[in-house]
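Here are the chains, one letter per residue:
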Amino acid sequence: MTHDIADLIDPLVAFRRDIHAHPELGFDERRTAGRIAERLRALGLEVHEGVGRTGVVGVLRHGGSARSIGLRADMDALPIEERTNLPYASRTPGSFHGCGHDGHVAMLLGAAEQLARTRAFHGTVHFFFQPAEEGLGGAREMVKEGLFERFPCDRVFALHNWPDLPAGTIATRPGPIMAAADRFDILLEGRGGHAAMPQDTPDAILAAALLVTQLNSIVSRRIVPTGSAVLSVTQIHGGDTHNVLPATVAITGTVRSFDADVQDRIEAAIRQIAAGVAATDGLAAQVDYHRNYPATVNDADAAQEALDAAATVGTALLAPDPALTSEDFAYMLHACKGAYIWLGQGRAEGTVPLHNPHYDFNDDVLALGVRLHVALVERHLA
Ligand SMILES: [Zn+2]
Ligand SMILES: [Zn+2]
C-alpha cells in the first residue's frame, strides 16, 4: 500500500528549514501561505487561498467515490525570540517557530506530493493549511467562513508533534485530548480607608483571602466527581502601603476543563461565590470570565481509525490521558468528526518542550508524519 517516500525527504527538510527561518505570526502568514499555494499548484492540485484570511486549501480528487477526508496543518509562529543558534534560525526578530508548525506544514505538503503521484485512493482529499493557531483562532475563522460547506469531509485529522513521546510513537485517544482554556478576572471593590479603623472600611484584602479559599473548593464541591478540571488562582493585586485598607483587590486565574457542562458549572460557581463573598463583607464584585478555545474532543471511530493507520507506519499508542493545554483544532472537530493525533518527536539526547526558545522541530520524524497522513487517506478512501 505505502509507496516509498525516501526521495521526498531531503527537499522537505530544506523546505521546513526555509519556513523556520521565515516565521510569520497569526494571520500574517503571507509568505508561508504563498509558498504552500505555489507547491500545491505545481503538484496539480486545485488551490484556494485566503480561506480564513491567510489560510490555504488544496483539493486532490481521484476516482468517482463521494467519500472525502480533511487533513490540517497549522502555519503560524510564536511571538518569542529564538535562542537555538541554528544556521536556519529565525531571521525575523520576535517571531519563532517554537511549536513546530513549520514541521506540520512540511509533513502535509509531503503527503500531498506523495498522494498526487501515487493516487492509491478513491475520493477527495482536502489539505487545510490553517493560520493563527496560537491564540487567535484561525481554525474558528475558517469554520466560520464555511470551510466544511465548501470542502465537505467525512473525517478531519490533525497531527501535532509531541516532544514528550519518543520519535516513532503516534498517540491519540477517543474523547477529550486537549482542554478548554478559560481565564477569569475578579475585581473586589470597596471604599478604602485607614487600617486602624476597620469598623469603617470593608476589608477587600480579607475578602480576597476568603474568596481564594472558596474558589479552590469549586473543583472538589461543584462538579461531578467523575468529571475533571483545574482551577488555579494565579494573581492577587491589592494595596500600596502598610496602614491603608485598599479600595480594590484584583484576582486572576485560569480554568481548564474537558466538558462544556463542567465549564458552565465552574463559571456559574465563580460568579456566585464572588458575589456572595463580596456581599458578606460589604464589597462589590465584578467578574469577567473569558472562554478561549473549547476542549478538543476526538470522535471515537475516528480515533480508532487513526490508531489503526498509525500501527501500519509506527508504534501506535492509546494515550491514557488528555493534555491540559488547548488547541483550536477543537473548532474543526465541532463541525466535523475527526481526531487530533500526537506525533512523538522526543530525542534520545533529551527533549526541549514546545514554546521553549531552544525548541526545534525534529526533522527525523518528517517521514513518519508524511507516512501517517498518507495511511489515513489510503485507509479512509480505500
Ligand atoms: Zn503552540
Ligand atoms: Zn502548536
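Residues numbered from 1 in each chain as written. Chains lettered and ligands numbered in written order. Predicted model: local features only at pLDDT ≥ 70, side-chain atom pairs only at ≥ 80, totals over all residues. Heavy atoms only, no water.

### Here's the deal with the pattern of salt bridges
To keep it simple, the criterion reads: Salt bridge, as used here, is a side-chain nitrogen of Lys or Arg placed within 4 Å of a carboxyl oxygen of Asp or Glu. We call a residue buried when its accessible area falls under 20% of the maximum for its residue type, exposed when it is over 50%, and partly exposed in between, using a 1.4 Å probe and counting protein chains only.
Inspection of the entire model under this criterion finds 22 salt bridges. The residue R183 makes a salt bridge to D185 at a minimum N-O spacing of 2.8 Å. Residue R183 is classed as partly exposed on the basis of its relative accessible area, which comes to 43%. According to the relative accessible area criterion, D185 is partly exposed, its value standing at 21%. A cluster of three or more residues bridged by salt bridges with shared partners is formed by R16, R17, D102, D360 and D363.

### Considering the domain arrangement of the protein
Filter applied, for reference: Where each domain begins and ends is defined by an automated method or by a domain database. In this description, buried area is defined as the sum, over both parts, of the accessible area (probe of 1.4 Å) that is lost when the two are combined. In this classification, Asp, Glu, Lys and Arg are treated as charged, Ala, Val, Leu, Ile, Met, Phe, Trp, Tyr, Cys and Pro as nonpolar, and every other residue, Gly included, as polar.
Parsing the protein into structural domains produces domain 1 (6–178 + 295–380) and domain 2 (180–293). Put simply, the middle of domain 1 and the middle of domain 2, counted by C-alpha atoms, are 39 Å apart. Each partner contributes to the roughly 930 Å² buried at the junction of domain 1 and domain 2, and carbon and sulfur atoms together form 63% of this total. For the domain 1 face of the interface with domain 2, the top three residues by lost area are A295, L324 and S326, together amounting to 52%. Counting across the domain 1 and domain 2 interface gives zero salt bridges. For the side of domain 1 that touches domain 2, the class distribution of residues is ten nonpolar, four polar and four charged.

### Observations regarding the layout of surface pockets
Basically, it comes down to this: A cavity here means a set of points on a 1 Å grid, drawn over the protein atoms and nothing else, where a 1.4 Å probe fits but cannot get out; a pocket is an open set with protein on both sides within 12 Å along at least five of seven lines, and a residue lines either one if it has an atom within 4 Å of a point. Grid points are joined across faces, edges and corners, and a volume is the space filled by probe spheres set on the points. A run of H or I in DSSP counts as a helix once it spans at least four residues, and a run of E counts as a strand once it spans at least two, with each numbered from the N terminus.
The computed volume of the largest pocket comes to approximately 420 Å³. Residue lining of the largest pocket: 21 residues in total, with M178, T325, S326, L354 and H355 positioned closest to the centre. A total of four residues in the lining of the largest pocket trace back to one element, the largest contributor, which is strand β5 (residues 155–166). Each residue belonging to the lining of the largest pocket can be placed in one class, and the counts come to ten nonpolar, six polar and five charged. Looking at which domains feed residues into the lining of the largest pocket, each of domain 1 (6–178 + 295–380) and domain 2 (180–293) supplies at least three.

### Comments concerning the coordination of the zinc ion (ligand 1)
Here is the rule: Counted as donors are the N, O and S atoms within 2.8 Å of the metal, or 3.2 Å for Na, K and Ca, while water is not among the atoms, so some sites may look incomplete.
The zinc ion (ligand 1) binds to the protein through C99 (SG), E134 (OE) and H355 (NE2), with metal-donor distances spanning 2.0 to 2.3 Å. Taken in chain order, the donor set of the zinc ion (ligand 1) reads C-x34-E-x220-H. Taken as a pair, the zinc ion (ligand 1) and the zinc ion (ligand 2) show a spacing of 3.2 Å, with C99 coordinating each metal. A residue pair is termed long-range when its members are at least 10 positions apart, and E134 in the loop between β4 (123–130) and α4 (138–144) and H355 in the loop between β16 (338–346) and α11 (366–380) qualify at 221 residues. A relative accessible area of 22% means that E134 is categorised as partly exposed. Since its relative accessible area comes to 40%, H355 is described here as partly exposed.

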